[in-house]
Structures are given as C-alpha cells and as structure tokens.
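Chain by chain, the residues:
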Amino acid sequence: MFESIRFLARRIGLRAADLVVTAPWLRWTWTGLGDDSFAASLAEIRPSDPEAVHDMMAGRYLLAGRLVETGGISPFAAEVDDDEWLNALHGFAWLRHFRDLRDPGGRVFARTLVLDWIGHEGRFEQESWVPTVTALRVLNWLRHLDLLTDGAGAGEVRAIQRSLSTQIQSLKLRSRLSPEPVERLLCAAALVGAAVCDADHASDLEGRLTRLDAELAGQIGQDGLHLSRNARVQLSLLVELASIRQSLNGLKTSASLEFAAQVERMHQSLDALTLGTGEPAYFNGCGQLPHDVLISVQANAGGERRRRAGGIVGGYAVLRDGEATVVADGGMVPPPAFAADAHASALAFEFSHGTELVVGNCGPAPADLPESRDLFRQTIAHSAPSIAEESSTPIAERGAFAGRLVAGAPVPPIEIKPADHQMTLTSQGYVRRFGLSVERRITLLSGGSTLVGQDRLVAAGERALSGALSVRFHLGPGTMVRQAGEGMVRLVLANGAVWTFLWEGASLREDESVRHSASLGFHKTRQLILEAEALPGTEIAWIFTRETA
C-alpha cells in the first residue's frame, strides 16, 4: 500500500510542477532565454527513402504506420485523431529522408516544413511540446541542421537556431519533472546532443554525459536490457544513443567511456533477443519494428559478435542450435514505472527456424484498436500455458497502478543448460487462485530441427478455484494446419517447410489468431490449443519436428 501511495504521489507532484513551469505566467521566464548557436555534428544512422520525399511533397504522409493525405494544406494544420501519427510528425525523424537529396527544391521543402512548424507550434503548445517529442525533435533538427540552413536566408537561419535554443531550454527545465523514465532518458540524450552540437562549446558536455550515464544506470539492467523488458523501447533508445556514441568517438573521458560501454551492452541484449527472422521476439509490448531501422542499428553496433548457444537476458531464456532460436519469458514483472505496457507472458516462447517463425506471440494491439489493448496483454495472447483462460499476472484495474502489470508471486529462477540446449521455467502466478504452479521445460534437439516441450502442474497450496489447463501455440503468419492422423498435425509454413506437431496428455483444438503488423495492424493466422484438466500432476508433452524431403 505504501509503495502505491508513494508512486502516485510522486507522479502527481511532478506533473503539477510541470504544469506550473509551463503556465503562461511563468513560461516567459525561460522561453526568451535561448540564443545559442548550433552546428550539425550529430550522426544519422538510419537509412533514407527518396520515395517518402516524393509522397510528402505530394501531401501524403506515411507515419507510424498510417497514411494521411493533407490535401495541400500544412500537415501541422491538418486535423488528425491519431496520437502516434502526430507524435511522429512532430518528432521530425522523417527529416532523414531529405538528407541525400541533390534537388534544391526538396531541400527547400524540408526547410519550409520546419519553418511551418515554428509558425504553428513554436510558441509552446502542450501537445507538441511533450518532453519526449521535444527531445526527439531537437535531436533530429541537430542531425540535419545543414539540410535546414544551407541556402536559407539569415532570418530563416535565426528562426531555426532560436527555436532550437528555446526547445533545449524547455528540456533543461522539464526533464527533471517527468515521472516517465524513458522520457527522462530521452531528454538527457537530447541535452547531450545539444552540447555536442554547441557551436560555441559553452555547454557542459561532461556534466550532461554524467547525467545521461546516471539515467542509463537506473534504467538498464546489468545485461543491457531496458527495465521495461520491451525490445521496441530498446530499439527506439538505441537509435538515439548510437547516434550520440558515434558523434563522441574521439572523446575519451570517464563519462564518455561509461556511456559507450552501456550502449554496447544494450546492443548485445537486443541481439540476444533477436530471432532468425531478424526481428526481436514479441514480448511486453514489442511488435513488428521498422526493419530498415533495426538493420541500421545492428550495423552500428560496436563490433562483430557471435551469438551464444544459450543464456539469460533480462529475465528471458534464450536457446540456439543450428538454425533454431527459442526465446522464452521467465515471467519477471517490470517495476511499476516501467510496467505500463508489460504483458502477462510468463512461460511464453517464440521459436524460429532459419528465417521463418514457427511459433510466436500476438504482440501488442494495433493502434486503431485501443479498446483491445489489455486483451493483447493477457496470457492467452501468448504461446504459454494458462489455467481457466486467466492471466498468470494481473493488470491492475484501479488505484495507483491502474493499467499496469502488478507483480504478485515471486518468480523462480530460470534453469538453463546451454550444452544440452534446454531451459526450465516455473510460474507461481496461479498458486493463490488454483493452488498450482506451472513448470515448463523446453529442449532443442537434432541441431535445432526438433523442439520438445513438457508443461506440468505441481501442487503448491490450497485450491480455491478450478479450471482447465490450456497450452497455446500461436503459429507464424501464413502457416497452414493439416490433419495427419491421431495425435499429429502437419504445419506448412509460408516458405513451404513442413513441420509435424505431436502431443500427449491433452486434447487438441485449432482456432484463429493474429500477429502484430506495423503496416496492416495485424496478420491473421492460426493457433493450436492443447487442453487438459488442471490437477496436480497433469502433464502435457508436445513436439515440433521438421520434416526433411
């Protein structure tokens, strides 16, 4: 109770302080302070797409997976009811698409959009000056300052520099008032970026780096994974941090070296959670990520690394053998400040062979289905065992932690045997309700062409409720299910590979499923569900094995 009260009080206090400093009667004290000069010294690691430029010049803006046609008016004047699209617009990451243009008309168009933003939003608007969006906008303007100022008139250059300076002043003031950890980290990164680009070298780069290091130390685990346990968050942070690290290559201070080491650990953990499909596993709010950005971030890692056969990263167990990769969630619940998007995915796994996904999770709800957000966070949306279709970990419905995954029973340690390509995970999430713990053992055999699993219920307390044990396997998009006899089905993957699925100790049914898609919302697919009575000693065994020609 005390923890929840303290959590809520801190958030309310910080939000109230931010409202005070951004109120009109105080805002003048900092909006007029900025008159610094900046030079383009920040690296851009993401690829550009010339087609995106043609679309924007024609009034078509494809941002955050949604296409909006402005009909000739400014995108900043268009009425769009989509927060993700608006944040992407006001964040200006799309400026990178203009960077390689030789056509002066395209470069003038990019500058016109920035000046248009200054005209519409430059005097401070709560929605477009949210610290996260402001931090991203500052970083993106700094990366492409040459694009914006080359060929510009003196008045235009002055307007851009002054707006940048004012936005940086706002981050200096507001970054410490944010209750959101990722927001604080991005603000600290933007202030370091501003110091790197300070044309007068008057900023305290070392001090800002030290603060950024402190934020990273509080948000990144020892193995390099963000405490949200969300690979999407990990990637979005690495886009900004890897850019800064590249720009600091010549700096060898204690703060810069610690920063570089932290970023390298982040690269390693993201790499560990990446399947053979090239995507990180879909856990805790991560869905389909921009493939070009993912490749660029991986290409800008500190050095070549060889993936281990197995290990534990941020509460995930990882096995690799031959062309096979398995990533499974031990069920660790992030701290409350990091748990807003967390999923009840204890014991869930994803399995790839080669570049094809065999078994996965649904991922987050599509942006246009906000009412389904919590449904996609439940255990049944994952390839995991569940009892009575209830989640292993609840999402708080009210109180200080409302909407967040709430830690309950302790999470037993993961047992992993890399030499045997085997992991064992246990969930205590059903003990209080059903008096049962769930144990899952997964083993890769035959060079990764066979995956063997056992799910077992163990008596662990008084039984208050009863229900059926369901073990779900959400199949990769494009997979077709074919009956092949008693206790066996064949799975024909999108690439034509055939896998046989066998089971024992349960009945099988097939149902519809979905998997998150950045462009389509979701792909329709299928799921296999094994069901048995939830009693102490119940054990369900299952096997996926690849057929050879």
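Details of the structure are given in the entry above.
Okay, so let's go over this structure. Owing to the predicted nature of the structure, the values given are computational and were not obtained by experimental measurement.

Here we come to the overall build of the chain. Along the backbone of the chain there are 15 helices and 19 strands. For 549 residues, the compact-globule estimate of 2.2 N^0.38 gives 24 Å, and the C-alpha radius of gyration of the chain, at 25 Å, lies within 12% of that figure. The C-alpha extent of the chain, read off along each of the three principal axes, is 80 × 55 × 50 Å. Burial analysis of the chain (549 residues in total) assigns 54% to the buried set.

The end-to-end C-alpha distance of helix H5 (residues 104–121), which contains 18 residues, comes to 26 Å, matching closely the 26 Å that a straight helix rising 1.5 Å per residue would cover. Measuring from the side-chain oxygen of the N-cap residue of H5 to the backbone nitrogen of Gly105 gives 3.0 Å; that N-cap residue is Asp103.

Once that is clear, we can look at the pairing of strand S10 (residues 422–427). With six of six residues buried, S10 is to be regarded as a mostly interior element. Judged by which residues are buried, S10 turns out to be covered on both faces: Gln422, Thr424 and Thr426 on one side and Met423, Leu425 and Ser427 on the other are all buried. With three bridges connecting them, strand S9 (residues 415–417) and S10 associate as antiparallel partners. Each bridged residue has a counterpart across the sheet, and for Lys417 the counterpart in S10 is Gln422.

On to the nonpolar core. Ranked by size, the top nonpolar core spans 74 residues in total, and within it Trp94, Leu95, Phe98, Trp141, Leu212, Leu241 and Phe259 carry the most contacts. When residues of this core are assigned to their parent elements, the largest contribution, ten residues, is made by helix H9 (residues 181–196). With sequence-adjacent residues up to four places away left out, Leu212 is seen in contact with Leu185, Ala188, Ala189, Val192, Leu241 and Phe259. Core analysis: the second largest hydrophobic core is formed by 41 residues, Ile387, Leu457, Ile540 and Phe544 among them.

With that settled, the discussion passes to the pattern of salt bridges. According to the stated counting rule, one finds 26 salt bridges in the structure shown. The partner of Glu240 in a salt bridge is Arg143, with the nearest N and O atoms 2.6 Å apart. Of the two residues, Glu240 is situated in helix H11 (residues 231–247) and Arg143 in helix H6 (residues 131–143); the sequence distance between them amounts to 97 residues. Of the two residues, Glu240 and Arg143, neither departs from the other in class, the shared state being buried. Across the pair Asp455 and Arg440 runs a salt bridge, and its minimum N-O distance is 2.6 Å. With Asp455 in strand S12 (residues 450–459) and Arg440 in strand S11 (residues 436–445), the pair connects residues that are 15 residues apart, well separated along the chain. Assigned by exposure class, Asp455 and Arg440 land together as buried. A single salt-bridge network, built from bridges that share partners, covers Arg232, Asp341, Arg373, Asp374 and Arg377.

Let us look at the sheet that holds S12. The eight strands are arranged S9-S10-S11-S12-S19-S16-S15-S14 in an open sheet whose pairing can be described as antiparallel. Two strands lie at the open edges of the sheet, namely S9 and strand S14 (480–483), each paired on one side alone. The sheet shows a mean angle of 15° between the axes of neighbouring strands, taken without regard to direction. Pairing analysis gives six bridges linking S10 to S11, with the strands arranged antiparallel. Looking at the pairing, Leu425 lines up with Arg440 of S11.

Turning our attention to the environment of Ile12. Mapped onto the secondary structure, Ile12 falls in helix H1 (residues 2–21). With relative accessibility at 53%, the residue Ile12 sits in the exposed group. For the pair formed by Ile12 and Ser519, sequence separation is 507 residues and the distance between their alpha carbons is 36 Å.

Scanning the model with the defined rule gives 20 aromatic pairs in all. Taking the centre distance of 5.1 Å and the plane angle of 40° together, the rings of Phe283 and Tyr316 count as tilted. Of this pair, Phe283 sits in the loop between helix H12 (254–272) and helix H13 (291–299) while Tyr316 sits in strand S4 (residues 316–321), and the two are 33 residues apart along the sequence. Across the pair, exposure class does not vary: Phe283 and Tyr316 are buried alike. In textbook terms, an aromatic cluster arises when at least three aromatic residues are bridged by ring pairs, as seen for Phe76, Phe92, Trp94, Phe98, Phe109, Trp117, Phe124, Trp129 and Trp141.

Once that is clear, we can look at helix H4 (residues 83–91). Turning to H4, its buried residues are Trp85, Leu89, His90 and Gly91. With a side-chain oxygen lying 3.1 Å from the backbone nitrogen of Glu84, the N-terminal cap of H4 falls on Asp82. Trailing H4 by a residue or two, Phe92 shows a phi angle of about 65°, which is positive.

What counts as what
Residues numbered from 1 in each chain as written. Predicted model: local features only at pLDDT ≥ 70, side-chain atom pairs only at ≥ 80, totals over all residues. Heavy atoms only, no water. Helix = DSSP H or I, 4+ residues; strand = E, 2+ residues; numbered from the N terminus. Rg over C-alpha atoms; globule rule 2.2 N^0.38 Å. Buried < 20%, exposed > 50% of the residue type's maximum accessible area, 1.4 Å probe, protein only. Expected span 1.5 Å × (residues − 1). Polar contact = N/O pair within 3.5 Å; in protein donor to acceptor, adjacent residues only side chain to side chain. Pairing = 2+ DSSP bridges. Core = buried A, V, L, I, M, F, W, Y, C linked by side-chain atoms within 4.5 Å. Contact = heavy atoms within 4.5 Å. Salt bridge = Lys/Arg side-chain N within 4 Å of Asp/Glu carboxyl O. Axes fitted to C-alpha atoms, helices over the stretch in contact; angles between N-to-C directions. Phe/Tyr/Trp six-rings, centres within 6.5 Å; stacked < 30°, edge-to-face > 60°.

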